[in-house]
Structure formats: C-alpha cells, structure tokens
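Structural overview
Residue strings, one per chain:
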Amino acid sequence: MQALLNEILDAVRPLIGQGKVADYIPALGTVPSNQLGIAVYGNDGELFCAGDADTPFSVQSISKVFSLVQAIDHSGEAIWERLGHEPSGQPFNSLVQLEFERGRPRNPFINAGALVICDINQSRFAAPALSMRDFVRRLSGNPNVMVDGKVAESEYQHRARNAAMAYLMQSFGNFHNDVEAVLRSYFSHCALRMSCVDLARTFCFLANDGFCKHSGAQILSARQTQQVNSIMATSGLYDEAGNFAYRVGLPGKSGVGGGIVAVVPGQFTVCVWSPELNAAGNSLAGMAALELLSQRIGWSVF
Ligand SMILES: NC(=O)CC[C@H](N)C(=O)O
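Notes on the structure in this doc start here. All of these numbers come straight from a predicted model, not from anything done at the bench. Residue numbers run consecutively from 1 along every chain, following the written order of its sequence. In keeping with the predicted nature of the model, local features appear solely for residues at pLDDT of at least 70, side-chain atom pairs appear and are counted solely at 80 or more, and the whole-chain, interface and lining totals rest on all residues. Processing note: side-chain calculations cover all non-hydrogen atoms of the structure and skip hydrogens and water entirely.

1. Some details on the site of the ligand
In this text, near means that some heavy atom of the residue lies within 4 Å of the molecule or strand in question. Around the ligand, the surrounding shell holds 13 residues, and the nearest of these are Tyr24, Gln60, Ser61, Glu155 and Tyr186. We call two N or O atoms a polar contact when they sit within 3.5 Å, provided that within protein one can donate a hydrogen and the other can accept it, with sequence-adjacent residues counted only if both atoms are side-chain atoms. At 2.6 Å from a nitrogen atom of the ligand is found a side-chain nitrogen or oxygen belonging to Gln60. Between the ligand and Tyr238 there is a distance of 2.8 Å, counted from a nitrogen atom to a side-chain nitrogen or oxygen. Residue exposure ignores everything except the shown protein chains as possible cover, and the areas themselves are Shrake-Rupley values with a 1.4 Å probe. When the ligand is considered free in solution it has 290 Å² of accessible area, and contact with the protein chains removes 99% of it. In terms of residue class, the shell around the ligand is built from six nonpolar, five polar and two charged. Amino acids outside the nonpolar list (Ala, Val, Leu, Ile, Met, Phe, Trp, Tyr, Cys, Pro) and the charged list (Asp, Glu, Lys, Arg) are all regarded as polar, and Gly is one of them.

If you want it as structure tokens, here you go:
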C-alpha cells in the first residue's frame, strides 16, 4: 500500500497547474498550490500516508458531513421534514432550484442544505462552533484541531450568496434561527483546519458500521451509516457526483479547500488533498489520485 500511494502521487503530480485554487474566499486564495497528500486508514487501525498528509488545510464542505451526523444524532429522521436526500445536479452554491422548490434544499451537501442542517443544530447546541470543534477533536483523536479564524472571517465578509440562500429559505419558513448567527456557525465549521490523516481517522466510523474504534464510540447506527454513505455517493461532489461515481465508485465528500474524503465500506477511509480545483470545485489532482487508487485496488462499490 505504501509503495502504491507514493506511485500514485508521482503519477498525478504533473496535473498540478491545470486547476485553480479557490479564491472567492480571499483567505483561501493564498494557499500554495503545489501541495499534495494522501492518507489511508484501515478499519484495523493501520495508517498509510504519502506526500503532505500531515499538513492541515481548510476542510470547507467536508464539514457538511459532520454537521449532518450531529443532526441525525439528536434529531434522527425528523430532519428530512426540512430538506431532501436527492442529488441536485447543480453547483454547490446555486440559488435557482431553491426558489423553484420553495426553500426546501435538495440535500445536506449543497450549501443551502448544509445551512438548514446548521439551523437545526443551532436550535440544539448552546455553542455550535465549539460543539463541532470538540466533536471532530474526539473523532480524529487530535486535540489540536482548530478553527482558522481568518478564513471564517473572510467567508463571513464574502457571505452574500450563502446569506441570500438562508434569507430565501427564511422567507419560505424553512429557517428558524437568526440568519447571521447560523452563517457564523457554518463558516466556523468550514474553516476547521485538519490534515489528510485527521480526516481519514475522523471518517473511519463510516467505513465501520458507525463505530469509531479509536474513540470507542458508536457514532451512528449501522443503518444510519449506510444512509449517510448513500447521500455521499449521490451528492457528495455536487454536480460532479455522477463523474465521481463513474471514476472512483465510492461514497465521497469534497471541499473547496481541495480535500476529498472517500469511504470504502467495511475496509478503509481515504483522504486526499491538493488545493487546485476543477470547474465543479473539486480537487483536480485529488480526483485523479482517488481514481487510480480505486482502480488499482478494485474498490468501486458498483
Ligand atoms: N464547496 C465548498 O467547499 C463550499 C464551502 C464554502 N465555505 C462556501 O460556503 O462557499
């Protein structure tokens, strides 16, 4: 496995230069683009890494999975009264569908859906940003996971689109808390800084019927785990979810920080990171690395 990871990073490194680092959040635009890392964490606790696997980066939309898991944990099936679990076929920050569908987001992994989930969590937690930070510290086993205050503030200063979505949902009665407070929580989750190793460990319960071995906690039931994985498989990469299923064939979640996490149910969790994105906002070299890995090991679930 170790040799394979090194080989894969060497194979995809030439792609660096063909994508574009996200700069619509100015604090993200300054991240050096030539970084590339991968971590594979087995259900038996084995860890394999290559490249910049220990360098923390902005998790961005990968945090949408954490928010969903928290919401399922305290509210269960009731959350689906507020949003769906259908792919949107639209970019992550699209507004058009939300108006047509009367403020009910298609799924929890586009921004509108994640904002509704954050609204649900806002009603539940006294300090949502701290609850989230502590949740991921427990799951990753890394007590040093931090929120990057500069990134969170930069996102808040450039919040117009996300704010428009939240206020539109409020106009349809599908937003219950103060919009600005929920936006602050959402940006704080997106601004968590974690490495490939942190993320592979954090997500391992999704490969293990909801059980996180290193913390000894049952995070979700086996059934809920299947459900979260199914939403990752159908919506985790926005309007490129079909392409990801075709090329990689695993439940996955990406973020505009350039990270992608993929789950091999019953076996492994993988996190790859390279900051340059393709047109859909997914890591260009990261997708290619996961495609090679899945192909070489025969990991596709399909
Ligand atoms: N796709 C992403 O990673 C987007 C997350 C980002 N914080 C946003 O709201 O625009």
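2. A word on the layout of surface pockets
Whether a set of points on the 1 Å grid over the protein atoms alone is a cavity depends on a 1.4 Å probe fitting there but being unable to get out, while an open set qualifies as a pocket with protein on both sides within 12 Å along at least five of seven lines; lining residues are those with an atom within 4 Å of a point. Grid points are joined across faces, edges and corners, and a volume is the space filled by probe spheres set on the points. Approximately 250 Å³ is the volume attributed to the largest pocket. Taken together, 17 residues line the largest pocket, and the ones lying closest to its centre are Ala27, Val31, Asp148, Val151 and Arg193. Broken down by secondary-structure element, the contributors of at least two residues to the lining of the largest pocket are strand 4 (57-58) and helix 6 (149-157). Its residues assigned to classes, the lining of the largest pocket comprises nine nonpolar, five polar and three charged. If you add up the space inside the second largest pocket, you get close to 180 Å³. By definition, any uninterrupted DSSP run of H or I lasting at least four residues is a helix, any uninterrupted run of E lasting at least two residues is a strand, and each is numbered from the N terminus.

3. Focus: unusual backbone geometry
For Gln60, which is not a glycine, the phi torsion comes out positive at approximately 50 degrees. A positive phi angle, near 55 degrees, is found at Asp209, a position not held by glycine. Here Asp209 is to be found in the loop between helix 9 (196-202) and strand 7 (211-212).

4. Describing the sheet that holds strand 10 (residues 259-264)
The pairing criterion is simple: DSSP has to find at least two bridges between the two strands. With respect to topology, five strands assemble into an open sheet ordered 3-2-11-10-9, the strand pairing being antiparallel. Looking at strand neighbours, the two that pair on one side only are strand 3 (47-51) and strand 9 (252-254), the edges of this open sheet. Going across the sheet, the axis of each strand differs from the next one's by a mean of 10 degrees, ignoring polarity. Pairing of strand 9 with strand 10 involves three bridges; the strand directions are antiparallel. The residue bridging Gly252 from the neighbouring strand is Ala262, located in strand 10. Whether two residues touch is decided by their heavy atoms; if any such pair falls within 4.5 Å, the residues are in contact. Orientation is described by lines fitted to C-alpha atoms, with helices fitted over the stretch in contact, and by angles between N-to-C directions that extend from 0 to 180 degrees. Running at roughly 25 degrees to strand 3, helix 1 (residues 2-12) makes contact with strand 2 (37-42) and strand 3 of the sheet. Of the strands in this sheet, strand 2, strand 10 and strand 11 (268-273) touch helix 12 (residues 284-297), which is tilted by about 145 degrees from strand 11.

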